[in-house]
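Fold and geometry: a report
What follows is each chain in one-letter form.
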Protein chains: 2
Amino acid sequence: MNAIQLLGLSAGAFTTISFLPQVLKTWKSRSAKDLSLGMFSFFCVGVVMWLAYGIMMRDIPVIAANLLTLVLASTLLFFKLRFKD
Amino acid sequence: MNAIQLLGLSAGAFTTISFLPQVLKTWKSRSAKDLSLGMFSFFCVGVVMWLAYGIMMRDIPVIAANLLTLVLASTLLFFKLRFKD
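Since the structure is predicted, the reported quantities are computational estimates derived from the model, not experimental observations.

Here we take up the packing of helix α1 (residues 3–17) of chain A against helix α3 (residues 37–56) of chain B. One way to put it is that α1 of chain A packs onto α3 of chain B with a least axis distance of 8 Å and a crossing angle of 155°. Taken together, the axes of α1 of chain A and α3 of chain B are roughly antiparallel relative to one another. Pair α1 of chain A / α3 of chain B crosses with left-handed handedness. Contacts between α1 of chain A and α3 of chain B involve Ile 4, Gln 5, Leu 7, Gly 8, Ser 10, Ala 11, Gly 12, Phe 14, Thr 15 and Ile 17 of chain A from the first element and Phe 42, Phe 43, Val 45, Gly 46, Val 47, Met 49, Trp 50, Ala 52, Tyr 53 and Met 56 of chain B from the second. Split by residue class, the contact of α1 of chain A with α3 of chain B holds 14 nonpolar, 6 polar and no charged.

It takes a turn of 180° to lay chain B on chain A, together with a shift of 0.0 Å along the axis; the resulting RMSD is 0.0 Å. Look at the turn and shift together and you get a two-fold axis relating the two. No C-alpha of chain B approaches the rotation axis more nearly than that of Asp 34 of chain B, which lies at 2.6 Å.

Cut-offs used in this document
- Residues numbered from 1 in each chain as written.
- Chains lettered and ligands numbered in written order.
- Predicted model: local features only at pLDDT ≥ 70, side-chain atom pairs only at ≥ 80, totals over all residues.
- Heavy atoms only, no water.
- Axes fitted to C-alpha atoms, helices over the stretch in contact; angles between N-to-C directions.
- Helix = DSSP H or I, 4+ residues; strand = E, 2+ residues; numbered from the N terminus.
- Parallel < 35°, antiparallel > 145°, perpendicular 65-115°, else oblique.
- Left-handed = near helix turned anticlockwise from the far one by under 90°.
- Contact = heavy atoms within 4.5 Å.
- Nonpolar A, V, L, I, M, F, W, Y, C, P; charged D, E, K, R; others polar.
- Least-squares fit on C-alpha atoms with pLDDT ≥ 70 in both.

None of the figures reported here should be taken as evidence of function without further support.
Shown next, in the form of structure tokens:
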């Protein structure tokens, strides 16, 4: 692995792991009032497209990051729909 | 521009634009209680790293998407710090 790939994987780790405190906070508080349904809907669609892009570019950091991000972001979308305002 | 680049730019458009409804919602409601400070802090650091990765890979979709995402995500980080719970 070269330095640029390492940077890409680190970037992916940060943007992906960032969703974890939000998932935990929303799970604990059972409150998703301030979260935007539009944000998480658009975001999930975009992440699926990034995943397809990463696969076509054979870009491991892009694939790995977006696969995990999709799991966390779709969990938040589910919470937003589940925990009614 | 080829089809893969177009897919990458579309993916970037979706994940970037997704932050806009959240920025508008938080601006209007002046409420950021349910937003996680950890999420937006980690996310902004990660986006800066993605930007550096995109520049080193000379990957236009990655650069463009992360530049705009940084503006919107850092606005939300500012709102989270500004609009006290």
